[in-house]
Amino acid sequence: MGTATESSIAGTEVVSPSTLIEAMKVGYRHFDTAAAYQTEKSVGEAVAEALRSGLVKSRSEIFITTKLWCNSADRHLVVVRNLGLEYVDLYLIHMPFKLITQDDQYKGPVANECIAAMDIKAVWEGMEECQNLGLTKSIGVSNFPFKKIEQILSFAKIPPAVNQIEMNPLWQQKRITEFCKAKDILVTAYSPLGAVGNNAWGHNRVMECDVLKDIAKSKGKTVAQISLRWLYEQGVIIAVKSFNIERMKQNLDIFDWSLTEEELNKINQIPQHKHAYLMKPFATEHNEILAEIDAELD
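Residues numbered from 1 in each chain as written. Predicted model: local features only at pLDDT ≥ 70, side-chain atom pairs only at ≥ 80, totals over all residues. Heavy atoms only, no water.

Participant: Can you walk me through the nonpolar core in this structure?
Facilitator: Side chains that are nonpolar tend, in soluble globular proteins, to be buried together. Counting 62 residues, the largest nonpolar core has Phe31 and Leu212 as the members making the most contacts within it. Per-element tally for this core: the top contributor is helix α8 (residues 223-233), with 6 residues. Those residues in contact with Leu212 that lie beyond four places of it in its chain are Pro169, Leu170, Val206, Val223, Ile226, Ile267 and Ile270. Ranked by size, the runner-up nonpolar core spans 13 residues in total, among them Ala4, Ala36, Cys70 and Ile293. (Core = buried A, V, L, I, M, F, W, Y, C linked by side-chain atoms within 4.5 Å. Buried < 20%, exposed > 50% of the residue type's maximum accessible area, 1.4 Å probe, protein only. Helix = DSSP H or I, 4+ residues; strand = E, 2+ residues; numbered from the N terminus. Contact = heavy atoms within 4.5 Å.)

Structure follows, in structure tokens:
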């Protein structure tokens, strides 16, 4: 269950603990948050309430992922905050660059001079210390291309467990997923439905894809279910978000059926369209650091 919303990132609304409790009742047990989303507190409160009410019997039943934001990409700032939990299960470096800004959360594109290269070795050492101290069970990265991961692997005492990337049938990320598999790094797919309805970074290309529509119609499934099942069959973790209870249920109803080889071949042949995630939300003008990262992401 992803918890990033356009409004929460703008600082106008956060996901309520009660919404996350409803997700737990439906069956969700993995919650993806981040400092930038302003939803860490809600996730922590929901976990505490689920334990108090007996909805879950122990903390170990819930898996929490959170992320280090770009303005904290310094060795001495790497710390897990705001959740009110003894530990998180997975802690990720949110982006492979540094923001020089006073804002704790993402507030929109920034000037070119506010985007800087990250001292990856120093930051990764801070991540490793978080794991060694028991503040997180595992550490990883998000939106990291090949070269940045290779750089970490060259000095890491604890290698990244996960790389979280944008991935769906219209942006299949085959090269980076194969690379991560070869390095024993799990992949988490965010925006598995294209973040449809989100004006900040979303699009409707997945939900309006004729190939997915035809497969959905023939199987009596939704387009969302076809996309999510395709991701599941790629062996990746899926971070899907809906706060509508019926759609929450539909998004989980993908495990007792499968796609045929013919259907998989049709999906594999869908023309690919990169969404250029990094440049659009972060930079008000051309930035060489972001351009280099985007160029390396498949």
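Now that the structure is up, let's keep going.
Participant: Which parts of the structure should I look at to understand the side chain of Thr33?
Facilitator: By secondary structure assignment, the location of Thr33 is in the loop between β1 (30-32) and α3 (40-53). Within polar-contact distance, the side chain of Thr33 engages the side chain of Thr39 at 2.7 Å. In this view, Thr33 contacts Thr3, Thr39, Glu40, Val43, Ile64, Thr65, Thr66, Lys67 and Leu83; residues no more than four positions away in its chain are not counted. (Polar contact = N/O pair within 3.5 Å; in protein donor to acceptor, adjacent residues only side chain to side chain.)

Participant: Even after reading the chapter, I still don't get α8, so can you show me in this structure?
Facilitator: In an α-helix, one full turn covers 3.6 residues, which means residues spaced three or four apart are oriented alike. Judged by how many residues are buried, α8 sits mostly within the fold: 9 of 11 residues are covered. For α8, the complete set of buried residues consists of Val223, Ala224, Gln225, Ile226, Ser227, Leu228, Arg229, Trp230 and Leu231. Elements that come into contact with the buried residues of α8 comprise β8 (186-190), α7 (210-219), β9 (237-238), α9 (245-252) and α10 (261-268). Looking one or two residues beyond α8, the residue adopting positive phi is Gly235, at roughly 80°.

Participant: Help me understand the environment of Pro159 in this model?
Facilitator: Topologically, Pro159 is positioned in the loop between α5 (146-155) and β7 (162-166). Linking Pro159 and Ile149, residues 10 residues apart in sequence, is a C-alpha distance of 9.2 Å. Setting aside anything within four residues of it in sequence, one finds Pro159 in contact with Trp124, Ile139 and Leu153.

Participant: Sorry, what's going on with the UniProt feature "binding site: substrate" (unreviewed entry) in the protein here?
Facilitator: Following the UniProt record, one finds the feature "binding site: substrate" (unreviewed entry) at His94. In this fold, His94 is placed in the loop between β3 (88-93) and β4 (98-99). The buried category is assigned to His94, whose relative accessible area is 4%. When sequence neighbours within four positions are dropped, the list of residues in contact with His94 reads Ala34, Ala36, Tyr37, Lys67, Leu68, Trp69, Ser142 and Asn143. (UniProt positions renumbered as here; feature names shortened; annotations may be inferred.)

Participant: Would you explain the UniProt feature "active site" (unreviewed entry) in the protein in this entry?
Facilitator: According to UniProt, the "active site" (unreviewed entry) feature falls on Tyr37. With respect to the secondary-structure elements, Tyr37 resides in the loop between β1 and α3.

Participant: I'm lost on the packing of aromatic side chains in this one. Help?
Facilitator: The description of an aromatic ring pair uses the distance of the two centres, along with the angle that the planes make with each other. One pass over the structure, following the stated rule, counts 2 aromatic pairs. Ring plane angle 80° and centroid distance 5.1 Å describe the contact between Phe146 and Phe179, whose orientation is recorded as edge-to-face. Here Phe146, found in helix α5, pairs with Phe179, found in helix α6 (residues 174-182); they are 33 residues apart in sequence, far enough to count as distant. This pair shows no difference in class: Phe146 is buried, exactly as Phe179 is. Ring geometry for Tyr232 against Phe255: centres 5.1 Å apart, planes inclined by 80°, an arrangement best described as edge-to-face. Here Tyr232 is found in helix α8, whereas its partner Phe255 is found in the loop between α9 and α10, with 23 residues between them in sequence. Across from the ring centre of Tyr87, 4.2 Å away, lies the NZ or CZ of Arg59, which sits over that ring. Positioned above the aromatic ring of Trp257, the side-chain terminus of Arg229 is 6.0 Å from the ring centre. (Phe/Tyr/Trp six-rings, centres within 6.5 Å; stacked < 30°, edge-to-face > 60°. Lys NZ or Arg CZ within 6 Å of the ring centre and 35° of its normal.)

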